[in-house]
Amino acid sequence: KEVIMKEDKVSEMAYHYPDGLSAVYSRPKVMQWMGSIPRDYSSYYKKTWRKEQWKNLGMLTGGTLLLWAFDDQILHGAQDFGRAIHLAGTDHQKTIVESRFKLFGQSVGLQLNVPSDLNSGFYFLGDGWTHTTIALSFWVTGLVTKDYRTLSTASQLRECIITTGIATQFLKHITGRESPFTSTTPRGKWRFFPNQKEYANHVPNHDAYPTGHLATAMAVLTVISENYPEKKYIKPIGYGVMGLLGYA
């Protein structure tokens, strides 16, 4: 790490990696991540729908349709394997903190749950509390060590968690796909553009697609791995965790 000074203050920090590449970080502003969210969506649109991306989009679409076609076989196969190794296929969590507060005249509940069995632990790897804890850990560490890369990573994590959350919730609210444990037809029924009051009253009947757990976990893994390219263990461990989460 190389500290770059300006007017007797640390202006930037440069990090030099074994492969000869370098990255320069400045201290992120407190709310910088919030201002970046609209630009993320604009950048996504510009980068994704370019002509040179059509092949990748076609492969993604084809892969998605193939997975959907074999969805029931994959689901039942995963459940059978779980039963064979005595791994429960349910999500059990225990509430350790619970509070309620008023928001715009409505009573809103806030719970902190922790998993109470192994499969729930795998599923919890994609929980919002897990990602928020990771982001806070980077932020606190960056403040203590005064490290700009760690602080920038924390800022990017907050940005990616919210950006991904908004995108997945938007898609969930317009696709209305049943979750497996509530499905009334093979592969689950789709209720495109569902009544939003009905959605709010029966969320599991509408929110299976896309999975916010996997989307956010992949976003978090991408941010960390791109900021720490010299840590070669991040991707193998991260993809292993993604596999456990996907199975759960």
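All of the points below concern the structure found in this document. (Residues numbered from 1 in each chain as written. Predicted model: local features only at pLDDT ≥ 70, side-chain atom pairs only at ≥ 80, totals over all residues. Heavy atoms only, no water.)

## A few points about the packing of helix α1 (residues 32-48) against helix α6 (residues 148-175)
Then, in step 1: At a minimum axis distance of 9 Å, the contact between α1 and α6 shows a crossing angle of 50°. Accordingly, the angle class assigned to the pair α1 and α6 is oblique. Where α1 crosses over α6, the two elements pack in a sense that is right-handed. Residues Trp33, Ser36, Ile37, Asp40 and Tyr41 of α1 form the contact with α6, whose own contacting residues are Ser155, Arg158, Glu159, Ile162, Thr163, Ile166 and Ala167. (Axes fitted to C-alpha atoms, helices over the stretch in contact; angles between N-to-C directions. Helix = DSSP H or I, 4+ residues; strand = E, 2+ residues; numbered from the N terminus. Parallel < 35°, antiparallel > 145°, perpendicular 65-115°, else oblique. Left-handed = near helix turned anticlockwise from the far one by under 90°. Contact = heavy atoms within 4.5 Å.)

## Notes on the nonpolar core
Then, in step 1: Of all hydrophobic cores here, the largest spans 16 residues; its most connected members are Phe138, Leu157, Cys160, Val220 and Ile224.
Then, in step 2: Of all the elements in the fold, those that place two or more residues in this core are α5 (128-145), α6, α8 (212-227) and α9 (234-247).
Then, in step 3: It is α8 that contributes the most residues to this core, six residues altogether.
Then, in step 4: Among the nonpolar cores identified, the runner-up in size contains seven residues, and Tyr15, Tyr25, Tyr148 and Leu151 belong to it. (Core = buried A, V, L, I, M, F, W, Y, C linked by side-chain atoms within 4.5 Å. Buried < 20%, exposed > 50% of the residue type's maximum accessible area, 1.4 Å probe, protein only.)

## Some details on the sheet that holds strand β3 (residues 22-26)
Then, in step 1: Spatially, three strands are ordered β1-β2-β3 in an open sheet, and the strand pairing comes out antiparallel. Strand pairing shows two members of the sheet lacking a second neighbour, β1 (2-6) and β3, which therefore form its edges. Adjacent strand axes in the sheet meet at a mean angle of 25° when their direction is disregarded.
Then, in step 2: With five bridges joining them, strand β2 (residues 9-16) and β3 adopt antiparallel strand pairing. From the neighbouring strand, Glu12 faces β3, where its bridge partner is Ser26.
Then, in step 3: Contacts from α6 reach β2 and β3 within the one sheet, and its direction differs from that of β2 by about 85°. (Pairing = 2+ DSSP bridges.)

## Side note on α8
The periodicity of an α-helix, 3.6 residues per turn, causes residues three or four places apart in sequence to face the same way.
Then, in step 1: Given a rise of 1.5 Å per residue, 16 residues ought to cover 22 Å, and the 23 Å separating the end C-alpha atoms of α8 matches this to within 8%.
Then, in step 2: Those residues of α8 that sit buried are Gly212, His213, Thr216, Ala217, Ala219, Val220, Leu221, Val223, Ile224, Ser225 and Asn227.
Then, in step 3: In the core, the buried residues of α8 are packed alongside β3, α4 (118-124), α5, α6 and α9.
Then, in step 4: At the N-terminal end of α8, a side-chain oxygen is found 3.3 Å from the backbone nitrogen of His213, two or three residues along, and the residue is Thr211. (Expected span 1.5 Å × (residues − 1). Polar contact = N/O pair within 3.5 Å; in protein donor to acceptor, adjacent residues only side chain to side chain.)

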